[in-house]
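Chain by chain, the residues run as shown.
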Amino acid sequence: MGVTSKIAPSMLSSDFANLASEAHRMLNYGADWLHMDIMDGHFVGNLTIGAPVIESLRKHTKAYLDCHLMVTNPLDYVEPFGKAGASGFTFHIETSKDNWKELIENIKSHGMRPGVAIKPGTSVEEVYPLVEAETPVEMVLVMTVEPGFGGQKFMPETVYDTLLIFWLISPSFSNQVRILRKKYPALDIEVDGGLGPSTIDMAALAGANCIVAGSSVFGAPEPAQVISLLRNSVEKAQLTY
């Protein structure tokens, strides 16, 4: 395969009053990345954190800060997030159809890893040019729920067809994650939204290797066990590809 499992607890579900200690807690439990949800109150209705919070957290950890920009004008955020210490900068294709080349180049020039996200209703074909560009994105994030709030329920049609039996019979009943994995075997494919013990197998079998999980980790009695379960599911699924 060429891709490794990466479990990224969503800090949106953490105790923001103790963000540094929450970050350390997740890393001690086995997390690979820390997923940071940046929402502008415009592209999505909610308003969360900005570059100052990333800068503050960076002072307390060397962890990979996986920043998901749910914003209308991502180009405006590149420089401040680069200076703040963001590791990855994932923007939405829905807001960047006209300037994604400039955006990717800017992200890389500021020392961050570029990624592109798609909402559940967006055609997966829209990200092909970005993955295949001379300066490509290095990750595709597939939202399994509409972006904007944490704690939402998983939408299986983004990972598996609603009628699973037809998926078993005919591969023409495709989906975002499975299509991406088949087309790009070495690509990091991230899924976000409603992921937990009851839904991870569907995402993993479809081909996702980067797993964002919020309430299912932070709300668990034993978060380390959940992180381990998510990782094991991804690694087991990879043996079937």
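Quick notes on the rules
Residues numbered from 1 in each chain as written. Predicted model: local features only at pLDDT ≥ 70, side-chain atom pairs only at ≥ 80, totals over all residues. Heavy atoms only, no water. Pairing = 2+ DSSP bridges. Helix = DSSP H or I, 4+ residues; strand = E, 2+ residues; numbered from the N terminus. Axes fitted to C-alpha atoms, helices over the stretch in contact; angles between N-to-C directions. Polar contact = N/O pair within 3.5 Å; in protein donor to acceptor, adjacent residues only side chain to side chain. Contact = heavy atoms within 4.5 Å.

## Considering the sheet that holds strand 7 (residues 188-192)
Next, step 1: Pairing in this open sheet of 8 strands is parallel, and the strands run 1-8-7-6-5-4-3-2 from one edge to the other. In the strand order of this sheet, the two ends are held by strand 1 (6-9) and strand 2 (33-39), each with one partner. The mean angle between the axes of side-by-side strands here comes to 25°, regardless of whether they run parallel or antiparallel.

## Quick notes on the side chain of D188
Next, step 1: With respect to the element layout, D188 can be found in strand 7.
Next, step 2: Of the polar contacts made by the side chain of D188, one reaches the side chain of K6; its length is 3.1 Å.
Next, step 3: Engagement of the side chain of D188 in a polar contact is seen with the side chain of N209, the distance being 2.8 Å.
Next, step 4: When near neighbours in sequence (up to four residues on either side) are disregarded, D188 contacts V3, K6, R113, E138, M139, V140, N209 and C210.

## Brief notes about the environment of L57
Next, step 1: Topologically, L57 is positioned in helix 2 (residues 51-58).
Next, step 2: On a C-alpha basis, the gap between L57 and A20 in space is 6.0 Å, while along the polypeptide they are 37 residues apart.
Next, step 3: Not counting the four nearest positions on each side in its chain, L57 is found in contact with L19, A20, A23, M36 and L65.

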